[in-house]
Amino acid sequence: MASVTERTDVVRKFQQHERDTGSAPVQIALLTQRINGLSEHFRAHKSDMHSRQGLLKMVSRRRRLLEYLKQHDEAGYRTVLQALELRK
């Protein structure tokens with residue numbers, strides 16, 4: 001689980017204006033942070049199927065947000081992908 005300061009840093013990096021906490025880039029970045037944290041969890045707990053289901057839901061939500069961003073803001077989509085190193 002990410003600390004509050006790590007979460008705040010992610011929001012600051014991807015926000016589009018001062019009070020932005022829920023735009024698509026911010027949500028994608030926060031989901032990516034949680035997904036990466038769960039990936040570490042699964043290295044130690046291979047049989048945790050309940051958390052795996054949550055991980056799959058997060059990955060699906062991130063995929064849908066990325067698709068939305070791609071349709072509405074191509075430049076922002078490319079920026080987010082590059083910053084988070086999602087697609088190579």
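Scroll up to find the structure this text is about.
Below you will find a few notes about this structure. (Residues numbered from 1 in each chain as written. Predicted model: local features only at pLDDT ≥ 70, side-chain atom pairs only at ≥ 80, totals over all residues. Heavy atoms only, no water.)

### Some remarks on helix H3 (residues 49-72)
An α-helical turn contains 3.6 residues, so a residue and the one three or four places further along point in the same direction.
1) Next: Given a rise of 1.5 Å per residue, 24 residues ought to cover 34 Å, and the 35 Å separating the end C-alpha atoms of H3 matches this to within 8%.
2) Next: Of all the residues in H3, the buried ones are Leu55, Met58, Arg62, Leu65, Leu66 and Leu69.
3) Next: Elements in contact with the buried residues of H3: helix H2 (24-44) and helix H4 (74-84). (Helix = DSSP H or I, 4+ residues; strand = E, 2+ residues; numbered from the N terminus. Expected span 1.5 Å × (residues − 1). Buried < 20%, exposed > 50% of the residue type's maximum accessible area, 1.4 Å probe, protein only. Contact = heavy atoms within 4.5 Å.)

### Points about the nonpolar core
1) Next: One finds Phe14, Ile28, Leu66, Leu69, Val80 and Leu84 to be the most contacted residues of the largest nonpolar core, which totals 21 residues.
2) Next: For this core, the secondary-structure elements that each account for two or more residues are helix H1 (4-14), H2, H3 and H4.
3) Next: For this core, the leading source of residues is H2, giving 9 residues.
4) Next: Here isoleucine 28 is in contact with Arg62, Leu65, Leu66, Leu69, Val80, Leu84 and Leu86, once residues within four sequence places are set aside. (Core = buried A, V, L, I, M, F, W, Y, C linked by side-chain atoms within 4.5 Å.)

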